[in-house]
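Commentary on secondary and tertiary structure
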Amino acid sequence: MFEDFINALQNFRQNKTRTFLSLLGVIIGVASVILITTLGQSATENVKKSFGSSGLDIIKISSGFMNRRSSSGVQFTESFRDELWDNIENIKKIHYVNNLSSTLVYGDLSVNGSGVAIEHDYLQMYNFELEYGKFFSVTDNVSGSQKIILGSEVAEALFPEGNALGKTIILISSNIRFGFEVVGVLKEQSGGMENPSTSIYIPRGFYSKKIQPNPVASSIICQVTDQKFSTKVAEDIKSYVESKTGVENIVNVTSMASFLEQYDQIMGTMTLRFPHPFRDCLDFEGKEFLTRTIPSEGTTKKRTDFGNGNFEWEFTCCGFNYCLEYREKNGIPKFELNKSSTYPCA
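Residues numbered from 1 in each chain as written. Predicted model: local features only at pLDDT ≥ 70, side-chain atom pairs only at ≥ 80, totals over all residues. Heavy atoms only, no water.

**Observations regarding a nonpolar patch on the surface**
A contiguous nonpolar patch, built from Phe20, Leu21, Leu24 and Ile28 and spanning about 390 Å² of accessible area, is present on the exposed surface. You can call leucine 24 partly exposed: its relative accessible area is 35%. (Patch = residues over 30% accessible without salt bridge, like charges linked within 9 Å, V, L, I, M, F, W, Y side chains within 5 Å. Areas by Shrake-Rupley, 256 points an atom, 1.4 Å probe, with all protein chains shown as cover. Salt bridge = Lys/Arg side-chain N within 4 Å of Asp/Glu carboxyl O. Buried < 20%, exposed > 50% of the residue type's maximum accessible area, 1.4 Å probe, protein only.)

Here is the structure:
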């Protein structure tokens, strides 16, 4: 053992260039893996931060392309809300939303805002916070109160001196003017699928009584009982509607959890594929290093050795199943990577 160590040191001295290049290759390889893994994790965290206060338990349902072309289209009426409660599991809340183009006027100042007619507890569901004031009550929605909550940018534009609470502003929609009392101003915050800073919110009860009687909702926002069910619930809703109508793409069902999973899949694939340009010069120890190191947060499920250094390695990363196969043919190494979000590696 000691003699082998002495021989190794002598070989290092006799082949300084090769030793230096080998060490340089290892250093570059390890640094590259650490760098790309860190970048992927950092990018994922930035995406999560962009969701702001909104959780990953929110699902949005809107009309799909085929809903406007099909005679068996789906309308977001109260009966459809009942269908969702009766047929889809793990739903905690269902909110109907209507959007309206609006211009707000206070004195000589005016600003265009994204009007949203909402039901009670909608803003709290998104975990939005108030700078000051209060949220709508159940009574405000049922009675159709003429009250309004402003996004931070809208409030700053209309009330540069601050103190918007209790002021009456004019909302103009479809050339009709309505007076609203400001009861709250939201903090500046991110909201994932919602942009509260440039939005204004009114009770949907007022919208259905004064602006559009018995309206069909523009979109539906669902909250699931736990964010781990988000992807499953979104798939169940889409499958239920398409099964009911017999038409594909009749609704769009999106969730921040699904978006994040897709993003993780992309980043995971980038991380896994990064060392592949160097695969032709990897010896057996090299590919062992590759499979042990990438991904750093992967969990091994199964490894199958075929002999002669060939193997198949199954693992999970970012919630997806991967299968990395290595085979040598005529002395030439070859990697093949397969991934699946639903089925295990075959």
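**Considering the packing of helix H3 (residues 78–87) against helix H8 (residues 230–245)**
Following both chains from N to C, one finds H3 and H8 inclined at 120°, their axes separated by 11 Å at the closest point. Compared by their axis directions, H3 and H8 come out oblique. For the element pair H3 and H8, the recorded crossing hand is right-handed. Within the contact between the two elements, H3 uses Phe80, Glu83, Leu84 and Asn87 and H8 uses Ile237, Tyr240, Val241 and Lys244. Considering only residue class, the contact of H3 with H8 consists of five nonpolar, one polar and two charged. (Axes fitted to C-alpha atoms, helices over the stretch in contact; angles between N-to-C directions. Helix = DSSP H or I, 4+ residues; strand = E, 2+ residues; numbered from the N terminus. Parallel < 35°, antiparallel > 145°, perpendicular 65-115°, else oblique. Left-handed = near helix turned anticlockwise from the far one by under 90°. Contact = heavy atoms within 4.5 Å. Nonpolar A, V, L, I, M, F, W, Y, C, P; charged D, E, K, R; others polar.)

**Regarding the pattern of salt bridges**
Taken as a whole, this structure holds nine salt bridges when the rule is applied. For the salt bridge of arginine 81 with glutamate 78, the shortest nitrogen-to-oxygen distance reads 2.9 Å. Remark: glutamate 78 and arginine 81 occur in helix H3; sequence separation between them is three residues, near one turn of the helix. Classification of arginine 81 as buried rests on a relative accessible area of 11%. Here lysine 93 makes a salt bridge to aspartate 121, at a shortest N to O gap of 2.5 Å. Highlighted residues: lysine 93 in strand S2 (residues 91–106) and aspartate 121 in the loop between strand S3 (109–118) and helix H4 (122–125), separated in sequence by 28 residues. Judged by relative accessible area, which is 22%, lysine 93 ranks as partly exposed. The network of salt bridges with common partners includes Glu78, Arg81, Glu119 and Arg204.

**Some thoughts on the nonpolar core**
Ile61, Phe76, Phe80, Leu84 and Ile220 are the most contacted members of the largest nonpolar core, which totals 22 residues. Going through the elements one at a time, strand S1 (58–63), H3, S2, strand S9 (219–224), H8 and strand S10 (251–255) are the ones with two or more residues in this core. Element by element, the count of residues in this core is highest for H8, at four residues. Discounting chain neighbours no more than four positions away, the residues touching phenylalanine 80 are Val74, Gln75, Tyr96, Ile220 and Val241. One finds Val154, Leu158, Leu171 and Ile202 within the second-largest nonpolar core, a separate group that totals 21 residues. (Core = buried A, V, L, I, M, F, W, Y, C linked by side-chain atoms within 4.5 Å.)

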